[in-house]
Amino acid sequence: MTAAKPRLYFVNAFVDYALIGGASIALFATLMLVNRTERTTEVIQAGAILAWFINWPHFSATNWRLYHSKANIAQYPVTAIAVPFLVLAGAVASFGSPARIAPCFVKLFLLWSSYHFCGQSLGISLIYARRAGFQVGRLERLGFSGFIFGTFFLSTARGEVTTSSWKYYAVEVPRLGLPPWVGDWACYGMLACGAWLALVAVRWMIANRRILPPIVLLPAVTQFVWFVPGNSVASFNEFVPFFHSLQYMLVAWSMQLKEKMDENGIAPSGHYVLAESARWGGANFVGGAILFYVLPYAGTLFGFPIGVAEPIIISAVQIHHFFVDGVIWKLRNPRVGSPLLVNIDDMLRAPAKAVA
Amino acid sequence: MSALALALLLQSDAPRLADERILLRTSTGDLVLALYPEVAPKHVAQILRLVRLGVYDGMHFHRVEPGFVAQLSGHHDRTAPLTPVQSAAIAKIPGEFSAIRHRRGILSMARFDDPDSAETSFSILLGPAPHLDGKYTVFGHVESGLDVLAAIERVDREVTRPRSRISVVRATVFVGRTLLFAGVAFVAVGVVASFIVPRLLHRRARTACLLLVLVGYFLMLLVFVKEREKVPAWVPIAVFVGAAALFRFLATFESPAPRITQPPP
């Protein structure tokens, strides 16, 4: 028996291209064309609204995936049980020393956050590579990883040249004071890996006599736009977390639908997709609001100003998210790898019976 | 490490050093001062408090006697007047005399005739002064910057007063090496153990090692942030590359996942 060939898209070409990066690249191009690069009040408000509906729920979705089943908790007990205490200890220490420990706690989150964005871009590239039948060996992985993580090295190195601090809410976040040449070398490395990735893609196309679906490379290109040309556009920067979360929600939503259907033996139907999407989306909206709205305000009940409570809580929630995200999407786990190759049609319609 | 610090370490009764160090940024160069909290707890507490409040900023070495002392002026002789908060923090400190001998590099608190009259002024010994032993409070020593001390000693003077002002541009407190050593130790033990442990123990033990690395890195980050303006250029690069390596390392958290058999079709 041969396994069915996975379909290329989670939903369809339009939706996948838009959510995986097309929409963000289009927004970047539009902002540049109309010369709206300032972080205006309208931009901040738009970013805040999108955070409520997509960005915050994406953190909740991660927690949901880990904590909603005892089997998951049993599989990752350190992440599920020990890590929250470690992160809580960091948050308590930060509240105890807002001038000394909190800046480092926030700094750790900010450094890790950029790396985390790249990790997700790489992961999504690998998903589409598998869907497209693009074999990712060591050489291909070098191209993907080098180019994608090169954007992390480049953008971070360029932002950490001085030793002056900057304010994240009311917390003074230190900069590392890197020599400027670090950014230059990061740029050369990133470009070299990008060229290598293009080369292996061309080699694959020649060997297979077909065009590599562009969506395989789209996450890497999107990552580049976010962190390199987009990094210096303040208005665009406000939306990058939203687009990162949008990518995530597409994958997590598909997984949720497929897993729930398989676990409970639910028949594919439009009603199921709508009902489960609404239930899952609603739960994550509430979860996100608790994590990013209720918890910081709870911190103020202990006498901490919101300008201190908010960055510490945000850092704690995100650091926890990075840990959880790092373990629940391992493609090597067949329980994860298999549902990651679904298409929305699998949940909408029963498969046609095979003819003997 | 200075010769004095080495000599003190070799002594069996070497005083315990505080975690904090004082960086005295002078117009001649930087001096790092180590403190003895068990020998002179009240002096150390007051000096740390005053340094943090910026009381020592703008003071100067008003007296230099080669082979004897370089004395830092009191708070009355600052370039800028004290703020009310700074003034309120200054109190007379009772003498905390000990058996530690006055010799080059030792920090000795200045006072008037009254043994309990010390406030802010102190001296750095430029040579042995046995006549001061047991009569003036010793509260620390110069840990690094003895070359700067030598430069101060050579300054052109009018009797004991330097002709050109040797100012304290800025005095700051930073955490010393204990935290750094702890961080390095955590990272080293965590990294080494994470490679060895999987061969011996369960994969979760390796994950615990990764947490150790994270905690160690965070401790080092704390020290680095405090001192980042006076470290060599390779240190921030190491911190940055270390962060990327740490995140890469943490990507193996609770991995590899146990093999889950596919359910039958």
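Residues numbered from 1 in each chain as written. Chains lettered and ligands numbered in written order. Predicted model: local features only at pLDDT ≥ 70, side-chain atom pairs only at ≥ 80, totals over all residues.

S.K.: Help me out: how do you make sense of the overall build of chain A in this one?
M.R.: Of the regular secondary structure elements, chain A holds 14 helices and two strands. The C-alpha atoms of chain A give a radius of gyration of 21 Å, which matches the 21 Å a tight globule of 356 residues would have. Counting only C-alpha atoms, chain A reaches 70 × 45 × 40 Å along its principal axes. Counting all 356 residues of chain A, 40% fall into the buried class. Nonlocal contacts in chain A, meaning residues at least 24 apart in sequence, comprise 80% of its contacts between residues at least 6 apart. (Helix = DSSP H or I, 4+ residues; strand = E, 2+ residues; numbered from the N terminus. Rg over C-alpha atoms; globule rule 2.2 N^0.38 Å. Buried ≥ 20, exposed ≤ 12 C-beta atoms within 10 Å, placed from the backbone. Contact = placed C-beta atoms within 7 Å.)

S.K.: Sorry, what's going on with the sheet that holds strand β10 (residues 168-175) of chain B here?
M.R.: Each strand in a sheet pairs with its neighbour through backbone hydrogen bonds, running either in the same direction (parallel) or in the opposite one (antiparallel). All names here are of chain B. Judged by pairing direction, the sheet is antiparallel, and its eight strands sit side by side in the order β3-β4-β6-β5-β7-β2-β1-β10 without closing on themselves. Both edges of this open sheet fall to β3 (61-65) and β10, since each of them pairs with a single strand only. Adjacent strand axes in the sheet meet at a mean angle of 25 degrees when their direction is disregarded. Both β3 and strand β4 (residues 69-72) contribute to a ladder of four bridges, which runs antiparallel. Bridge assignment links Glu-65 to a residue of β4, and that residue is Val-69. Across the sheet, helix α2 (residues 41-53) touches β1 (20-26), β2 (30-35), β5 (106-109), β7 (138-144) and β10, and the angle it forms with β10 is around 120 degrees. (Pairing = 2+ DSSP bridges. Axes fitted to C-alpha atoms, helices over the stretch in contact; angles between N-to-C directions.)

S.K.: Even after reading the chapter, I still don't get the environment of Phe-149 of chain A, so can you show me in this structure?
M.R.: All names here are of chain A. In this structure, Phe-149 sits in helix α6 (residues 138-159). The buried category is assigned to Phe-149, around which 24 C-beta atoms lie within 10 Å. Taking the C-alpha atoms as reference points, Phe-149 and Asn-72, separated by 77 residues in sequence, lie 29 Å from one another.

S.K.: Looking at this structure, how should I read helix α11 (residues 270-300) of chain A?
M.R.: A turn of α-helix holds 3.6 residues, and therefore any two residues three or four places apart point the same way. Residues and elements named next belong to chain A. Over its 31 residues, α11 extends 44 Å from the first C-alpha to the last, a length consistent with the 45 Å expected when each residue adds 1.5 Å. A bend of about 35 degrees at Ile-290 is the largest found in α11. Every buried residue belonging to α11 is among Trp-280, Asn-284, Gly-288, Leu-291, Phe-292 and Pro-296, and all of these are buried. Against the buried residues of α11 lie α2 (41-67), α10 (240-264) and α12 (306-328). (Expected span 1.5 Å × (residues − 1). Bend = angle between axes of the 7 residues up to and from the residue.)

S.K.: Explain the packing of helix α1 (residues 13-33) of chain A against helix α8 (residues 218-227) of chain A to me, please; I cannot follow it from the model alone.
M.R.: All names here are of chain A. The geometry of α1 relative to α8 is characterised by a closest axis approach of 9 Å and an angle of 35 degrees between their N-to-C directions. Along this stretch, α1 crosses α8, giving a crossing that reads as left-handed. On α8, the residues touching Tyr-17, Ile-20, Gly-21, Ser-24, Ile-25 and Phe-28 of α1 are Leu-218, Pro-219, Val-221, Thr-222, Val-225 and Trp-226. (Left-handed = near helix turned anticlockwise from the far one by under 90°.)

S.K.: Got a minute to help me understand the nonpolar core in this structure?
M.R.: Inside soluble globular proteins, nonpolar side chains tend to come together where they are buried. Core analysis: the biggest nonpolar cluster contains 113 residues, and Leu-108 of chain A together with Leu-221 of chain B have the highest contact counts within it. Those residues in contact with Leu-108 of chain A that lie beyond four places of it in its chain are Ile-319 of chain A together with Phe-218 and Leu-221 of chain B. Grouped together as the second largest cluster of nonpolar side chains are 42 residues, Leu-17, Leu-35, Val-69 and Ala-70 of chain B included. (Core = buried A, V, L, I, M, F, W, Y, C linked by C-beta atoms within 7 Å.)

S.K.: Is there a simple way to explain the interface of chain B and chain A in this structure?
M.R.: The figure often quoted for interface size is the accessible area lost as the parts come together. Each partner contributes to the interface: chain B provides 27 residues, whereas chain A provides 33 residues. Of all the secondary-structure elements, those providing two or more residues to the side of chain B that touches chain A are α6 (203-227) and α7 (234-250) of chain B. A per-class count over the side of chain B that touches chain A returns 20 nonpolar, three polar and four charged. (Nonpolar A, V, L, I, M, F, W, Y, C, P; charged D, E, K, R; others polar.)

S.K.: Help me understand the packing of helix α5 (residues 101-132) of chain A against α8 of chain A, please; the structure alone is not making it clear to me.
M.R.: The geometry of a pair of packed helices is captured by two quantities: the angle between their axes and the separation between those axes. Residue and element names in this part refer to chain A. Closest axis-to-axis distance for the α5/α8 pair is 8 Å, and the angle between their directions is 160 degrees. The orientation of α5 relative to α8 falls into the category roughly antiparallel. Within the contact between the two elements, α5 uses Phe-117, Cys-118, Ser-121, Ile-124 and Ser-125 and α8 uses Pro-219, Ala-220, Thr-222 and Gln-223. For the contact of α5 with α8, the class distribution of residues is five nonpolar, four polar and no charged. (Parallel < 35°, antiparallel > 145°, perpendicular 65-115°, else oblique.)

S.K.: Looking at this model, I keep getting lost on the domain arrangement of chain B. Mind explaining?
M.R.: Partitioning chain B into structural domains gives domain 1 (3-175) and domain 2 (177-250). Spacing between the C-alpha centres of domain 1 of chain B and domain 2 of chain B amounts to 35 Å. (Domains from an automatic or database assignment.)

S.K.: Please explain the environment of Thr-207 of chain B as it appears in this structure.
M.R.: Looking at where Thr-207 of chain B falls in the secondary structure, it is placed in helix α6. Along the chain, Thr-207 of chain B and Gly-134 of chain B lie 73 residues apart, while their C-alpha atoms are 54 Å from each other.

S.K.: Help me understand unusual backbone geometry in this model?
M.R.: If a residue is not glycine, its phi is most likely negative; likewise, a peptide bond is most likely trans. Residue and element names in this part refer to chain A. A positive phi angle, near 60 degrees, is found at Asn-35, a position not held by glycine. Structurally, the position occupied by Asn-35 is in the loop between α1 and α2. Of note, the phi angle at Arg-209 is positive, near 55 degrees, even though the residue is not glycine. Within the secondary structure, Arg-209 is located in the loop between α7 (180-208) and α8. A count of 6 C-beta atoms within 10 Å places Arg-209 in the exposed class.

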